[in-house]
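Coordinate analysis (summary)
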Amino acid sequence: MTHQPFSTTLPHGTTTVGQLIHSATQRLEQAQVGFGHGTQNAQQEATWLILWSLDQPLDSALGTEENSIENHPVTPDQQAQAATLIEERIRTRKPAAYLTNEAWLMGVPFYVDERAIVPRSFIAELLADGSIDGWLSDTTRNVLDLCTGNGSLACLAAMAYPDIHVTGADISPDALAVARINVEKHQLQERITLVHSDGLAQTPGPWDLILCNPPYVNSTSMGQLPSEYRAEPALALAGGSDGMDFIRQLLRDAPACMTENAVLVLEIGNERPFFEAAFPSLPVFWLDTSAGEDAVLLITRQALLELPA
């Protein structure tokens, strides 16, 4: 596909932030880039990239008010800088977070690069709104964030529950290096430990709460992923033919690593039909998130103990 040059200069020679965002939105739509790494459409992505390129807060007030940042003029140099970033997004098909080295989850900024998946877990919502608090108690102390990636869920859990200690575990040393950046960024070194582990092998616990956003994408879906998702480490996405390879092992191993009243909070994205086919008799609690009630589930240790061997 041949792309038209990115241009925002109006006849009278003045360009505003709002016009820059509008033009960038059109370019992203024309190029048919993929979304889902913190934004859901071209306008959201354009706003993120333009504000970042202008060194403006991503939560800057937008609107028609006279003092809105949308009405602020931009210089030719700023236009050129924004154009370069938008064209890089289109050319590389990398998620915007890899270009800015920044991703936001529940209003908290995290560092990210190609060594780790872009954070977007719906479990973050449950930590923020207290949805799983009723399953915890005053004895909840040790929390495991398995498949921690860039460490964002581990950090959010530590922020949500001041009395707990979190262990973030991942099979990827590269991902753990990124996670360490975020633990230090949010000054949580005293409350978060990072461990290299293949599943639960090096994390015996016992754990009062396990959070896990594992690789769960089935092989058919893996072959159909947009380029933006293929830019991420496949290790963090691919879950085998039905997406349940990692999860099968996890559910077998977890009870031995859990305290008596512990629970496992597990994200499975769009794979609920495959999950229910793999574990037809397992009683679980589906948790409501912005994606509905099919993406995240909660399982008690007692339920896991009753799984067929």
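This text gives an overview of the structure that appears in the document.

What counts, and where the lines are drawn
- Residues numbered from 1 in each chain as written.
- Predicted model: local features only at pLDDT ≥ 70, side-chain atom pairs only at ≥ 80, totals over all residues.
- Heavy atoms only, no water.
- 1 Å grid on protein atoms, 1.4 Å probe; cavity = no way out; pocket = protein on both sides within 12 Å on 5 of 7 lines; lining within 4 Å.
- Points joined across faces, edges and corners; volume = space filled by probe spheres on them.
- Helix = DSSP H or I, 4+ residues; strand = E, 2+ residues; numbered from the N terminus.
- Nonpolar A, V, L, I, M, F, W, Y, C, P; charged D, E, K, R; others polar.
- Salt bridge = Lys/Arg side-chain N within 4 Å of Asp/Glu carboxyl O.
- Buried < 20%, exposed > 50% of the residue type's maximum accessible area, 1.4 Å probe, protein only.
- Pairing = 2+ DSSP bridges.
- Contact = heavy atoms within 4.5 Å.
- Patch = residues over 30% accessible without salt bridge, like charges linked within 9 Å, V, L, I, M, F, W, Y side chains within 5 Å.
- Areas by Shrake-Rupley, 256 points an atom, 1.4 Å probe, with all protein chains shown as cover.
- Lys, Arg positive; Asp, Glu negative; His and termini not counted.
- Charge placed at Lys NZ, Arg CZ, Asp CG, Glu CD.
- Axes fitted to C-alpha atoms, helices over the stretch in contact; angles between N-to-C directions.

Moving on, we come to the layout of surface pockets. Space inside the second largest pocket adds up to approximately 210 Å³. Along the walls of the second largest pocket sit Arg248, Leu251, Arg252, Pro255, Ala278, Phe279, Pro280, Ser281, Leu304, Leu307, Pro308 and Ala309, which together make up its complete lining. The element best represented in the lining of the second largest pocket is helix α10 (residues 245–253), accounting for 3 residues. Across the lining of the second largest pocket, the residue classes tally to 9 nonpolar, 1 polar and 2 charged.

Moving on, we come to the pattern of salt bridges. Two side chains that carry opposite charge are able to pair once their charged atoms sit near each other. Across all of its chains, the model carries 10 salt bridges by this definition. A salt bridge links glutamate 87 to arginine 27; its shortest N-O distance comes to 2.9 Å. With a gap of 60 residues between them, glutamate 87 in helix α3 (residues 76–92) and arginine 27 in helix α1 (residues 17–31) connect regions that are remote in the sequence. On the basis of relative accessibility, which here comes to 25%, the residue glutamate 87 falls in the partly exposed class. We note a salt bridge from arginine 272 to aspartate 294, for which the minimum N-O separation is 2.6 Å. Taken together, the positions of arginine 272 in helix α11 (residues 272–278) and aspartate 294 in strand β9 (residues 292–300) put the pair 22 residues apart, joining distant regions of the chain. For arginine 272, a relative accessible area of 22% puts it in the partly exposed group. Look at aspartate 294 and you get partly exposed, because its relative accessible area is 38%. One salt-bridge network, held together by shared partners, links Glu45, Arg89 and Glu228.

Turning next to the pairing of strand β5 (residues 192–196). As paired elements, strand β4 (residues 165–170) and β5 share 5 bridges and run parallel to each other. From the neighbouring strand, threonine 167 faces β5, where its bridge partner is threonine 193.

A word on the environment of valine 265. Within the element layout of this structure, valine 265 appears in strand β7 (residues 258–267). Judged by relative accessible area, which is 1%, valine 265 ranks as buried. Each C-alpha atom, one on valine 265 and one on leucine 251, is 11 Å from the other, the two residues being 14 residues apart in sequence. Those residues in contact with valine 265 that sit more than four places away from it in its chain are Ile123, Leu126, Ile132, Leu209, Ile210, Leu211, Cys212, Leu287, Val296, Leu297 and Leu298.

Once that is clear, we can look at the environment of tryptophan 207. Structurally, tryptophan 207 is set in strand β6 (residues 207–212). Counting along the chain gives 138 residues from tryptophan 207 to isoleucine 69, while the straight-line C-alpha distance between them is 47 Å. When near neighbours in sequence (up to four residues on either side) are disregarded, tryptophan 207 contacts Asn142, Val143, Leu144, Thr167, Cys257, Met258, Thr259 and Ala262.

So, on to a negative patch on the surface. On the surface, a cluster of negative charge is made up of Asp129, Asp133, Asp288 and Glu293. Within the fold, aspartate 288 resides in strand β8 (residues 285–289).

Glancing now at the sheet that holds β6. One open sheet accounts for 7 strands, arranged β5-β4-β3-β6-β7-β9-β8; its pairing is mixed. Every interior strand has two partners, whereas the edge strands, β5 and β8, have only one. Across the sheet, the mean angle from the axis of one strand to that of its neighbour is 25°, orientation sign disregarded. When strand β3 (residues 142–146) meets β6, the two strands line up parallel, connected through 4 bridges.

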